[in-house]
Amino acid sequence: MGRLNKQSTFVSFMSHSYRRHQVVFHFIDDYLLWLYEELCNYNETMYYQTLEEDIVKFCEFQERWKRGC
């Protein structure tokens, strides 16, 4: 996978974030299913917490690009 830039989508950002798990997401559904089934083992509470953390990380990434950091 290439480097991330300000045009990166949430899906490409998540692929980059979880590359140590050797997964590549092509669609949001790929990420959501993998997160729920593989990473969170069908634990809804953990799933929603992790999803929220991932969204916050992506928003922070976008903010850094806007500020030029």
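Scroll up to find the structure this text is about.
Residues numbered from 1 in each chain as written. Predicted model: local features only at pLDDT ≥ 70, side-chain atom pairs only at ≥ 80, totals over all residues. Heavy atoms only, no water.

**What about helix α1 (residues 10-17)?**
And then number 1: With six of its eight residues buried, α1 lies for the most part within the structure.
And then number 2: If you check which residues of α1 are buried, you get F10, V11, S12, F13, M14 and S15. (Buried < 20%, exposed > 50% of the residue type's maximum accessible area, 1.4 Å probe, protein only. Helix = DSSP H or I, 4+ residues; strand = E, 2+ residues; numbered from the N terminus.)

**Let's talk about the side chain of T50**
And then number 1: Along the chain, the position of T50 falls in helix α3 (residues 44-67).
And then number 2: Excluding anything up to four places from it in sequence, T50 contacts Y18, L35, L39 and C40. (Contact = heavy atoms within 4.5 Å.)

**A word on the nonpolar core**
And then number 1: The biggest cluster of nonpolar side chains holds 15 residues, and the ones touching the most others in it are M14, Y18, F25, Y31, W34 and L35.
And then number 2: Among the secondary structure elements, those contributing two or more residues to this core are α1, α2 (28-39) and α3.
And then number 3: Residues within four places of Y18 in sequence aside, it is in contact with V23, F25, Y31, W34, L35, L39, T50 and D54. (Core = buried A, V, L, I, M, F, W, Y, C linked by side-chain atoms within 4.5 Å.)

**A few points about the packing of aromatic side chains**
In this description, an aromatic ring pair is defined by two values, namely the gap between the centres and the angle between the planes.
And then number 1: Counted by the stated rule, this structure contains 12 aromatic pairs.
And then number 2: Taking 5.5 Å as the distance between ring centres and 75° as the angle between the ring planes, the aromatic pair formed by F25 and Y31 counts as edge-to-face. Of the two residues, F25 and Y31, neither departs from the other in class, the shared state being buried.
And then number 3: Look at F25 and W34: their rings are 5.5 Å apart centre to centre, the planes differ by 55°, and that puts the pair in the tilted class. The exposure classification of F25 matches that of W34, with both residues buried.
And then number 4: Ring pairs connect the aromatic residues F10, F13, Y18, F25, Y31, W34, F58 and F61, which therefore count as one cluster. (Phe/Tyr/Trp six-rings, centres within 6.5 Å; stacked < 30°, edge-to-face > 60°.)

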